[in-house]
Amino acid sequence: MPSQSHSEHFPGPIHNPPVIKGEVHKGHGPHAHHPKLQHHFDDMDQQLEASTLGMWVFLVTEIMFFGGLFMAYLMYRWANPTAFQEASAHLDKFWGAVNTIVLIVSSLTMAMAVRSAQTSAKPKTQVMWLVATMFFGTVFLGVKVVEYTDKFTHNLVPGPNFVWTGQYPAGAEIFYSLYFCMTGLHALHMIIGLGMMTVITVMARRGTFDGSYYTPVEVSGLYWHFVDIVWIFLFPLLYLIGAHYGAGH
Amino acid sequence: MSGHIASTRIYYWVFAALIIGTVLTYLAALVDFGAFNNVVMLAIALVKASLVILFFMGVRWSSRLTWVVAASGFVWLLILFGITMSDYLSRGWMVGSLR
Amino acid sequence: METVSYLNDGHGIKSWLLTKDHKRIALLYLVSITAFFAIGGLFAMFVRLELLTPAGDLLSSETYNKMFTMHGVVMVFFFLIPSIPAVLGNFLIPIMIGAKDLAFPRINLLSWYIYILGGAFTMTSALSGGVDTGWTFYTPYSTAAANSHVITAALGVFITGFSSILTGLNFIVTIHRMRAPGLTWFRLPLFVWAHYATSLIMILGTPVVAITVLLVAAERVLHMGIFDPSLGGDPVLFQHLFWFYSHPAVYIMILPAMGVVSEIVQAFSRKNIFGYSFIAFSSLAIAVIGFLVWGHHLFVAGQSVYAGLIFSFISFLVAIPSAIKTFNWTATIYKGSISYESPMLYALGFIGLFTIGGLTGLFLSAMGLDIHVHDTYFVVAHFHYIMVGGAIMGYLGGLHYWWPKITGRLYAEGWAKVAAVMVFVGFNLTFFPQFVAGYLGMPRRYHEYPPELQVWNVMSSAGASILAAGYVLPLVYLTYSMFAGEKSAADPWGARGLEWEVPSPPPTSNFAATPIITEGTHQYAPSGEVGVA
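Model, not experiment: these values are computed from the prediction.

**Here we look at the overall build of chain A**
Assigned secondary structure in chain A consists of six helices and one strand. Within the span of chain A, comprising 249 residues, buried residues form 62% of the whole. Within chain A, residue pairs in contact and separated by at least 24 positions form 79% of the contacts whose partners lie at least 6 positions apart. With the model as given, the accessible surface of chain A reaches about 10,000 Å², and the carbon-plus-sulfur share is 62%.

Pasting the structure below:
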């Protein structure tokens, strides 16, 4: 049996709580019992809004996460401008550009995949767009493997085996440290993205998504586009700053 | 269920703009504009990123809250970049000082 | 018939370890952070024991370095940062806004597991020999010299950072999207405002320290030198990146405690808070301005004097919103119907000690003074006044205030008052002498010191033993109350707020049906009557 008030100073529990003036009994609308509605949410709209906002907040943390590396790049490039140009010239900007195009295509197919779920397209169509996205993501990673292998064989991996024949070995080593950290972190995010896409594709194949429920596709799409945006900045900053190096500089 | 459904046309236009932007930034890098190269490169990258955010990520049709959240990430980056660089940039100002 | 509360809704270890209930997750956190607090306290004990005598005779300098490092790492990352948000925030926020749970219950549980994983990494680092870099991991010592346990410790901090990020994410989405009908922003409890501001910091700051400690680990493992001076790397860049988070982190530690104090002073003065919107906005101001001051940790690190000027000035500014809160709490208590239950003792202690800590922070923000006392015990005393005199007292006050709600039991108020006084006295005896010792020049992180400073150190160590006893007492009587305490009513304090309108302890889904709110949740005097509304 609940006790009386804890102290003589207090009159005890409130008998007429002023705050709650009414109660809402949810659960009678048409979507109230959608099988995918999690029960701490009132309705599917709230669930979609909350999930989307959650992914956006997470992406802000990702912006700050990559941001630390971009800060290091900014400072070291300001301190070693010519070294960075010289080092960047050794990256193959053709493959960098190819990868940029590949990711842009994958963003298009991802947007189409989300749209296909929103418009309740057939599972086959949804899967087609999702698989296309994954295909281009895999191509991207394949190109990165080729690039990284090339760096390994040419002793451009920072550390004890780093060999630099140009004018600025210290600056070049810092550049390549940043190159590997930034593109490596980006590639890790791609791999995680591919994992997410696999799960989403399996769900889509089962007909899970339609106009009334496409939240997982939407939030995965947001993540995928973010990873594309990071590359949109990485490409010029890493690959293109030395493109005219040596030409009268 | 709410959520704006964009037309496929807008997606293809944005796609085309992104490809053109990539080609432009590649070509611009081949020419030596001096420090202006950085401006061009960053401007194109910012436009591309904005297109992806506004249209592929749907911020163009999202609530103001989404817009504020997305913008805050970039504003905070600017705080990190700007104030940190203000240290490095001003280190050499006082000639003959301990710093 | 025993009503079903969240405590007995499901039995067995699986129902706890796989729970999605924010209230059970809060208790999981309560147990683990108490354990980490004890571990961090143990490391502190070795520090204070060594410092009883001027000579470095108890521990070698290497071992001593490990003691203060592990004390800092454990206390900052595994106790102070999670404490109030993960225990009290998790438990109360959904109830305070009329929701059934947080927006993402499974992510909430995941955040606890991530926290435990990070803790395991850090404890592994401690048990395999310990890190001696200081909790600040400054380069190039941490990357080029030190010992390899830096890697595990850095990874432990990295992993735990995600626990913090997920908690902040959950709170932001919940507070934006799951408030009950009629519960507008300016009807929210100030506890919720405080946690919203805290969550903004968690989201915007934590990732930067995450990448920074990851880079430290990468430098050690992969030998790639980002901070390596021999390559032209700049150790000060590490400090910029580290403090960009770690300064706002101190506001993560203090804002929730301020939220607790706002709740307690209202309840125990039987008065609405003075200047509600000022306190709400000042929480946001602290969060934002707090991101602009980190360079005050780099005044003597080689940072430019001009940047130092800006940082110094903005550091003065950030004191203003904190001062506003302190004035408003005082105005709330003034002419209130005051009583001195243990939560109120902690809140009053907070107001006094936070003021001292905050003022000494202003001293440190003045570059000229900082040059003299940087890396001395003056700094140590300053931050302990805020973190222990402030944050921990806020945590204990909140734990006592909401204990009946969380457990459905009343604790022994007499013992609680004794403990609160012991904590207050022990705390001041521990840390006030450190201001003196620091000002007289005693450096921090040294295991020996000049003999003329011994009197201050002996006082400090004596105070620490009283403080420790004051911390052990609640562990005893609070635990005891869970089994043998008197059962509590829904509202044992006569307080206001949605959490006091549900049973103690609450049922799993908090509310039978979603409440509709028509006025501010804290009305200690009916509108228009005596008291400031």
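**Some points on the overall build of chain C**
Scanning chain C from N- to C-terminus turns up 16 helices and three strands. Counting only C-alpha atoms and orienting by the principal axes, one finds that chain C spans roughly 70 × 45 × 45 Å. Split into buried and exposed, the 533 residues of chain C put 64% on the buried side. Put simply, 83% of the contacts in chain C that link residues at least 6 apart link residues at least 24 apart. Per element, the accessible surface of chain C, about 17,400 Å² overall, is 72% carbon and sulfur. Distance between charge centroids for chain C: 11 Å, based on 23 positive and 24 negative side chains.

**Things to note about the packing of helix α1 (residues 8-30) of chain B against helix α2 (residues 36-56) of chain B**
All names here are of chain B. Viewed as axis vectors pointing N to C, α1 and α2 meet at an angle of 165 degrees, and their least axial separation amounts to 10 Å. Taken together, the axes of α1 and α2 are roughly antiparallel relative to one another. With respect to the hand of their crossing, α1 and α2 are arranged in left-handed fashion. Residues Ile10, Tyr11, Val14, Phe15, Ala17, Leu18, Gly21, Thr22, Leu24, Thr25, Ala28 and Ala29 of α1 pack against Asn37, Val40, Met41, Ile44, Lys48, Leu51, Val52, Phe55 and Phe56 of α2. Counted by class, the contact of α1 with α2 contains 16 nonpolar, four polar and one charged residues.

**Thoughts on the interface of chain A and chain C**
The interface of chain A with chain C comprises 56 residues on the first partner and 66 residues on the second. Carbon and sulfur atoms make up 71% of the surface buried where chain A meets chain C, a total of about 5,000 Å² over both sides. On the surface where chain A and chain C come into contact, there are one salt bridge. Note that C:Arg177 and A:Glu49 form a salt bridge whose closest N and O atoms lie 3.2 Å from each other. Connecting chain A to chain C are five residue pairs in polar contact (both at pLDDT 80 or more). Elements that contribute at least two residues to the side of chain A that touches chain C include exactly β1 (20-24), α1 (44-79) and α5 (169-205) of chain A. No other element matches the 18 residues that α1(A) contributes to the side of chain A that touches chain C.

**Re the nonpolar core**
If you look at the biggest cluster of nonpolar residues, it comprises 291 residues, and the most contacted ones within it are A:Tyr76, A:Tyr176, C:Tyr401 and C:Trp402. The element contributing the most residues to this core is helix α9 (residues 235-269) of chain C, with 22 residues. The residues touching C:Tyr401, leaving out its near neighbours within four places in the chain, are C:Glu263, C:Ile264, C:Ala267, C:Phe268, C:Pro343, C:Trp493, C:Ala495, C:Trp500 and C:Tyr524.

**Structural notes on the pattern of salt bridges**
All names here are of chain C. Enumeration according to the criterion identifies eight salt bridges over all chains in this entry. A salt bridge links aspartate 375 to arginine 444; its shortest N-O distance comes to 4.0 Å. Of the two residues, aspartate 375 is situated in the loop between α13 (367-373) and α14 (377-407) and arginine 444 in the loop between α15 (413-439) and α16 (454-484); the sequence distance between them amounts to 69 residues. Using a relative accessible area of 37% as the deciding quantity, one classes aspartate 375 as partly exposed. Among the residues examined, arginine 444 registers a relative accessible area of 15% and is labelled buried. Note that lysine 417 and glutamate 413 form a salt bridge whose closest N and O atoms lie 3.1 Å from each other. Of this pair, lysine 417 and glutamate 413 both sit in helix α15, four residues apart, which is roughly one turn of the helix. You can call lysine 417 partly exposed: its relative accessible area is 32%.

**Quick notes on unusual backbone geometry**
A cis amide bond, omega -5 degrees, links C:Thr139 with the succeeding residue C:Pro140. The step from C:Ser504 to C:Pro505 runs through a cis peptide bond, and the omega angle for that step is -10 degrees. Along the chain, the position of C:Pro505 falls in the loop between β2 (486-487) and β3 (514-517). The backbone of A:Ser120 shows a phi angle near 55 degrees, a positive value even though the residue is not glycine. The residue A:Ser120 is located in the loop between α3 (93-118) and α4 (123-153) in this model. Since its relative accessible area comes to 42%, A:Ser120 is described here as partly exposed. Backbone geometry places C:Phe137, a non-glycine residue, at a positive phi of 50 degrees. Relative to the elements of secondary structure, C:Phe137 occurs in the loop between α5 (105-127) and α6 (141-144).

**Some thoughts on the interface of chain A and chain B**
Each partner contributes to the interface: chain A provides 54 residues, whereas chain B provides 47 residues. Carbon and sulfur atoms supply 80% of the area buried between chain A and chain B, which totals about 4,400 Å² over both sides. Where chain A meets chain B, there are zero salt bridges. Where chain A packs against chain B, one counts four residue pairs in polar contact (both at pLDDT 80 or more).

**What about the packing of aromatic side chains?**
Residues and elements named next belong to chain C. Throughout the structure, instances matching the rule amount to 69 aromatic pairs over all chains. For the pair phenylalanine 363 and phenylalanine 378, a centre-to-centre distance of 6.5 Å together with 35 degrees between the ring planes defines the contact as tilted. Here phenylalanine 363, found in helix α12 (residues 342-365), pairs with phenylalanine 378, found in helix α14; they are 15 residues apart in sequence, far enough to count as distant. Geometry around tryptophan 16 places arginine 24 over its ring, the cationic atom sitting 4.1 Å from the centre.

**What to know about the packing of helix α4 (residues 83-96) of chain C against helix α8 (residues 190-222) of chain C**
Two quantities define a packed helix pair, namely the angle between the helix axes and the distance between the axes. Residues and elements named next belong to chain C. At a minimum axis distance of 10 Å, the contact between α4 and α8 shows a crossing angle of 125 degrees. Relative to α8, α4 is oriented oblique. Where α4 crosses over α8, the handedness of that crossing is left-handed. Contact with α4, carried on its side by Ile84, Pro85, Leu88, Gly89, Leu92, Ile93 and Met96, involves Phe191, Val192, His195, Thr198 and Met202 of α8 and no other residues of that element.

**Some words on a nonpolar patch on the surface**
Residues and elements named next belong to chain B. Together, Val23, Leu27, Leu30, Val31, Phe33, Phe36 and Val39 give the surface a local cluster of nonpolar side chains, amounting to about 620 Å² of exposed area. Among the secondary structure elements, those contributing two or more residues to the nonpolar patch are α1 and α2. For the nonpolar patch, the element with the most residues is α1, which contributes three residues. Note that phenylalanine 33 resides in the loop between α1 and α2.

**Some words on helix α2 (residues 22-50) of chain C**
Over its 29 residues, α2(C) runs 42 Å from end to end, which matches the ideal 42 Å to within 8%, given 1.5 Å per residue. Here α2(C) starts with a cap whose side-chain oxygen sits 3.0 Å from the backbone nitrogen of C:Lys23, and that cap is C:Asp21.

**Brief notes about the side chain of B:Thr22**
Structurally, B:Thr22 is set in helix α1. Among all residues touching B:Thr22, those that are not within four sequence positions of it are A:Thr100, A:Ile101, A:Ile104, A:Phe235 and B:Lys48.

**Comments concerning the confidence of the model for chain C**
For any part of a model where pLDDT is low, the fine detail of the predicted coordinates should not be relied upon. Taken residue by residue, chain C gives an average pLDDT of 95. The fraction at 70 or more is 98%. Reported confidences for the modelled complex are a pTM of 0.94 and an ipTM of 0.94.

**Concerning the confidence of the model for chain A**
Averaged over all residues, the pLDDT of chain A is 88; the fraction at 70 or higher stands at 86%. The low-confidence segment residues 1-18 of chain A, where pLDDT is below 50, has 38 contacts with residues more than four positions distant or belonging to other chains.

**Examining the environment of A:His90**
Of note, A:His90 is situated in the loop between α2 (81-88) and α3. For the pair A:His90 and A:Leu156, spaced 66 residues apart in the sequence, the C-alpha separation amounts to 9.4 Å.

**Quick word on the side chain of C:Ser125**
Residues and elements named next belong to chain C. Within the secondary structure, serine 125 sits in helix α5. A relative accessible area of 0% places serine 125 in the buried class. Beyond its immediate chain neighbours, meaning those up to four positions away, serine 125 contacts Gly130, Val131, His149, Thr152 and Ala153.

Reading the values: rules and limits
Residues numbered from 1 in each chain as written. Chains lettered and ligands numbered in written order. Predicted model: local features only at pLDDT ≥ 70, side-chain atom pairs only at ≥ 80, totals over all residues. Heavy atoms only, no water. Helix = DSSP H or I, 4+ residues; strand = E, 2+ residues; numbered from the N terminus. Buried < 20%, exposed > 50% of the residue type's maximum accessible area, 1.4 Å probe, protein only. Contact = heavy atoms within 4.5 Å. Areas by Shrake-Rupley, 256 points an atom, 1.4 Å probe, with all protein chains shown as cover. Lys, Arg positive; Asp, Glu negative; His and termini not counted. Charge placed at Lys NZ, Arg CZ, Asp CG, Glu CD. Axes fitted to C-alpha atoms, helices over the stretch in contact; angles between N-to-C directions. Parallel < 35°, antiparallel > 145°, perpendicular 65-115°, else oblique. Left-handed = near helix turned anticlockwise from the far one by under 90°. Nonpolar A, V, L, I, M, F, W, Y, C, P; charged D, E, K, R; others polar. Buried area = accessible area lost by both parts, 1.4 Å probe. Salt bridge = Lys/Arg side-chain N within 4 Å of Asp/Glu carboxyl O. Polar contact = N/O pair within 3.5 Å; in protein donor to acceptor, adjacent residues only side chain to side chain. Core = buried A, V, L, I, M, F, W, Y, C linked by side-chain atoms within 4.5 Å. Phe/Tyr/Trp six-rings, centres within 6.5 Å; stacked < 30°, edge-to-face > 60°. Lys NZ or Arg CZ within 6 Å of the ring centre and 35° of its normal. Patch = residues over 30% accessible without salt bridge, like charges linked within 9 Å, V, L, I, M, F, W, Y side chains within 5 Å. Expected span 1.5 Å × (residues − 1). pLDDT = per-residue confidence, 0-100.

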